[in-house]
Number of protein chains: 2
Amino acid sequence: MQSSKESMSAGRSWTRRRDEKARRLQNAQRFTVGNRIPTNRIVEALEVLLAPGDRVVLEGNNQKQASFLSMALSQVDAGKVNKLHMIMSSISRREHLDIFEKGIAEKIDFSYAGTQSLRVAQMLEDGILKMGEIHTYLELFGRLFIDLIPNVALIAADKADDAGNLYTGPNTEETPAIVEATAFKDGIVIAQVNELTDELPRVDIPGSWIDFVVVADKPYQLEALFTRDPRHITELQILMAMMTIRGIYERHNVQSLNHGIGYNTSAIELLLPTYGEQLGLRGKICKYWALNPHPTLIPAIESGWVESVHCFGGEVGMEQYVAARPDVFFTGRDGSLRSNRALSQVAGQYAVDLFIGSTLQMDGDGNSSTVTAGRLSGFGGAPNMGHDPRGRRHSTPAWLDMMTADDPLARGKKLVVQMVETFQAGNAPVFVESLDAIQVGRDAKLATTPVMIYGDDVTHVVTEEGIAYLYKAQSLEERRQAIAAIAGVTPIGLQHDPRLTESLRRDGLVALPEDLGIRRTEARRSLLAAKSVDDLVEWSGGLYQPPAKFRSW
Amino acid sequence: MQSSKESMSAGRSWTRRRDEKARRLQNAQRFTVGNRIPTNRIVEALEVLLAPGDRVVLEGNNQKQASFLSMALSQVDAGKVNKLHMIMSSISRREHLDIFEKGIAEKIDFSYAGTQSLRVAQMLEDGILKMGEIHTYLELFGRLFIDLIPNVALIAADKADDAGNLYTGPNTEETPAIVEATAFKDGIVIAQVNELTDELPRVDIPGSWIDFVVVADKPYQLEALFTRDPRHITELQILMAMMTIRGIYERHNVQSLNHGIGYNTSAIELLLPTYGEQLGLRGKICKYWALNPHPTLIPAIESGWVESVHCFGGEVGMEQYVAARPDVFFTGRDGSLRSNRALSQVAGQYAVDLFIGSTLQMDGDGNSSTVTAGRLSGFGGAPNMGHDPRGRRHSTPAWLDMMTADDPLARGKKLVVQMVETFQAGNAPVFVESLDAIQVGRDAKLATTPVMIYGDDVTHVVTEEGIAYLYKAQSLEERRQAIAAIAGVTPIGLQHDPRLTESLRRDGLVALPEDLGIRRTEARRSLLAAKSVDDLVEWSGGLYQPPAKFRSW
């Protein structure tokens, strides 16, 4: 033993990362003043703080963007800094991809591409971008501690004090997870801030985790992604929302939930104080939420439906409203929201009864994807919440209600609901024979098809035709029949023998609106608790301050 | 709309939690000095800072215990503080249950009961304890942000400064998750510390998240739970470890993994530098770990096998060794380990190829539990890592290797390995017709049976007889046959027709040692890279300092 021990560790350094960090910090001293990088020296500083081949986390999720740092990164000399392996929750800005064209970066691991999805696919095809993997947020955060440990993190915060303590305000989001992975493995953490201040309203990230602070030339980019204008909610969406409240939330006693982004779920939020109230459901369902501060939840909050909301991130315009409702939202001593994407995803995966989302395509087995022809959009957080978490061991009434066997080892299921109209805008059918994602995956040479939600995880599908209770299906064939029964005149729906629908209804596999006591004519916009952004502002007593683009007055 | 709005929120307060907190802090002023509670006033302070029916998180996981605070809690006047709803990762100390007998607490939500499992079951039966739910760690942390939001958190740290900033040293563990859930929902956070200091080595928890600091009368309890003395590793365990390295880790190209606690996995750790080296596997497998600082991993680290280890918690005696190996472990600027149970569980669930654990009972379908007659031990973190995380979307070679279909929508699987001898100590068979957990669950009136790992999540079972490659089974019947083939002379094994074994071997569903090129006679203790704790100390160059009970010299 001794001999192998001596031969192996003789002369090996165990502080290579720490030594390398010290070397870089030393080189950066000519550009820095203590822990401060002057705004106009950031590009030069990055050129010595980064090295070719580094793994770099660039904070850019679907809301807060380290936009000053990403611009600076795109300006470094590719002769000095190149072949970077970028790790980004979201590819959202032009320069996020420019750095690949310039040869600064080479490889990417990410979660979501959004508006840049077309360009990502094109750059992959052209060999400009080397693909790592596409993840959900939690997977990506997890890998930061395992096999994607960062050399450098470029992050964004609102304010810093002299000691480098950071205040993130409502948009804490994923900053703590990124910083922790970097700071505690001798990586370099560089924070852009909107301003320096003597005293922070609260500390979100301790200064001893931060290496450098740089004041950005303008505040970080922040998008209002979770704002849905009620004016755009259609009566078809209202019908589906009524069916969901009656046929799923009430029926299964759903206490805790996550809503995806979209008009479908906004409609549900806006029907709780009206239709939900008529049904006598206040205080009985939908009490605990893992959710961004959706403006369309304001009427339900004001009407006493909501016990608590934990947030992945903030939402532009909701700052003062949230600060005035600390019994509902998680807030700090400064009064403003504390969000945390990693912890809210954990809660959204394991601690809620139900996830409900929408999709662009669903096949006959119930598999769905938002990846459509030519667009490699990634996953975000939805699959993390939109699956049955088989590591879950605690029960709730809704979870137990999904048990269909009386085997002593039977367990419940998370409710995973897909809510879609049978046709998208532009008359493209949602229900299709085969997902576009299969071809996109092949073109991008992905190891598996980028499926957002797998059919065997889906418990319910809601369309304007009715609800398919997939958890009750005893076979794949039965699951297919239930989906086809509510797929309207799409290719999947047209294959369905309408005579089967009767027996599916009898067996509880399918419910039509009339089975739920809902008349289609009742689904009117007058049922919405707020019909415009203006109404939302009024509900909030003027506390909600929508961004200009949502103002009509 | 306006009328409903006015009627609903008229007169409602949205700051009830904040007001109630302010009221309690006010009442506590007679016992406190700023943010400091004098050691000898803690019981009185708790009597005004807690109120009947509060949800209280008491930090007590399987390593660090807020032992001063739990003792103090057990001394409060049950006339003043009662009907508490306790939330505890682990029920580990006598007074954790005494508070129920005294009427101070009434209900419990927990993850793991360990040494108190017998008493928990008894108290449930006697109606002294009201059961909430049994969770995995991540579920419990998740619920702290959803429907188990704490009123008070009682936590433990090493040091505090004047501003209440906390230093946890290597045992950060779950403190950040508990504090975040409490501090940002106007709960009260009380931290016991071993000492006060002017300047902290680093900040683990910002002071603005903490309400009170109290210096404990003695350092918090800390157990060395992950230390396994190599002297107790048997040659049967070595045989199983060889099979696992050859037939699973090498075969499937396992890069990243989590090991459970136990001699079986310790044996693997100690064979990497010997048997693994002979096979030429160094640098090829087992590079990235989610793991506590197991002393038995020292030889593999020293031999250059290990790229990185992220830790759930610390391990007594490993402090200096870890601090001297920052390239491998996550450490802070002070040089010591930074652990984080919530983030390491996320990483262990989503970002590793393989989980391997052991169990006390397994049924013929592969379902297993450590809950045995009369003992309600709970789950800890194992099920969270020991299942196929269906929210995972990124691929690795090992994960892809579990794909058995060539359906375009097929996906990989996490490797979930159960490693058990066919009989436990005391000659109790591990493979049984029916799990004791079923009866325990019924007796405790649990909604579902407390199964640790479900059979349909298990990809491999290893016994001293061979390996069952369950992921290859095309049916439940085939899975049963493969398990029975390696179940020896247990009730399950005896039902097996040995003639079937040949076809199972041919189809790759079962491998015997000889199929893996392993001779049983090679499985000798001489293969262990360290044969005693003393050897581990030597491998560490004296940096590992085992607790007295593990010292034989």
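If you're wondering where the values come from, they're calculated on a predicted model, not measured in any experiment. (Residues numbered from 1 in each chain as written. Chains lettered and ligands numbered in written order. Predicted model: local features only at pLDDT ≥ 70, side-chain atom pairs only at ≥ 80, totals over all residues. Heavy atoms only, no water.)

1. Section: the domain arrangement of chain A
Accessible area lost upon the coming together of the parts serves often as the stated size of an interface.
All names here are of chain A.
Link 1 in the chain: Its domain assignment divides chain A into domain 1 (17–222) and domain 2 (230–533).
Link 2 in the chain: Listed by partner, the interface residues are 33 residues for domain 1 and 31 residues for domain 2.
Link 3 in the chain: Between domain 1 and domain 2 the total buried area reaches about 2500 Å² when both faces are included, carbon and sulfur atoms providing 59% of it.
Link 4 in the chain: Taken as a group, L138, P170 and R202 account for 22% of the area that domain 1 buries against domain 2, more than any other trio of residues on that side.
Link 5 in the chain: Summed over the shared surface of domain 1 and domain 2, the result is four salt bridges.
Link 6 in the chain: Two residues, R341 and E174, come together in a salt bridge whose shortest N-O distance is 2.8 Å. (Domains from an automatic or database assignment. Contact = heavy atoms within 4.5 Å. Buried area = accessible area lost by both parts, 1.4 Å probe. Salt bridge = Lys/Arg side-chain N within 4 Å of Asp/Glu carboxyl O.)

2. Re the nonpolar core
Link 1 in the chain: Counting residues in each nonpolar core, the largest one holds 113 residues, and the members touching the most others are A:L49, A:M86, A:I190 and B:L166.
Link 2 in the chain: Among the elements that line this core, the one with the most residues is helix α3 (residues 42–49) of chain A, at six residues.
Link 3 in the chain: If we ignore the near neighbours within four places in the chain, the residues touching A:L49 are A:R24, A:L25, A:A28, A:I37, A:D54, A:V152, A:I188, A:I190 and A:F212. (Core = buried A, V, L, I, M, F, W, Y, C linked by side-chain atoms within 4.5 Å. Buried < 20%, exposed > 50% of the residue type's maximum accessible area, 1.4 Å probe, protein only. Helix = DSSP H or I, 4+ residues; strand = E, 2+ residues; numbered from the N terminus.)

3. Remarks on the relation of the copies chain A and chain B
Link 1 in the chain: Under the fitted operation, chain A is carried onto chain B by 0.0 Å of movement along the axis and a turn of 180°, and the coordinates agree to an RMSD of 0.0 Å. When the rotation and shift are considered jointly, the pair of chain copies conforms to a two-fold rotation axis.
Link 2 in the chain: Most of the interface of chain A is mirrored in chain B: 100% of its interface residues are interface residues there too. (Least-squares fit on C-alpha atoms with pLDDT ≥ 70 in both.)

4. Details of helix α2 (residues 16–28) of chain A
All names here are of chain A.
Link 1 in the chain: Its 13 residues give α2 an end-to-end C-alpha distance of 18 Å, which sits within 8% of 18 Å, the value for a rise of 1.5 Å per residue.
Link 2 in the chain: Regarding α2, the residues found buried are K21, R24 and A28. Angularly, the buried residues of α2 cover 65° about the axis, an arc narrow enough to put them on a single face. The exposed set on the far side of α2, more than 90 degrees from its buried face, consists of R16 and Q26.
Link 3 in the chain: Contacts made by the buried residues of α2 are with α3, β6 (152–160), β8 (188–196) and β9 (212–215). (Expected span 1.5 Å × (residues − 1). Arc of directions from axis to C-beta.)

5. Quick look at the sheet that holds strand β17 (residues 415–419) of chain A
Residues and elements named next belong to chain A.
Link 1 in the chain: Read from one edge of the open sheet, eight strands run β13-β12-β11-β14-β17-β19-β20-β21, paired in mixed fashion. Looking at strand neighbours, the two that pair on one side only are β13 (308–310) and β21 (510–511), the edges of this open sheet.
Link 2 in the chain: Here strand β14 (residues 354–357) runs beside β17; their pairing, made up of four bridges, is parallel. Residue pairing for β17: I356 is matched across the bridge by V417.
Link 3 in the chain: Across the sheet, helix α10 (residues 263–278) lies against β11 (256–259), β12 (288–290), β14 and β17, angled at about 135° from β11, the strand it touches most. (Pairing = 2+ DSSP bridges. Axes fitted to C-alpha atoms, helices over the stretch in contact; angles between N-to-C directions.)

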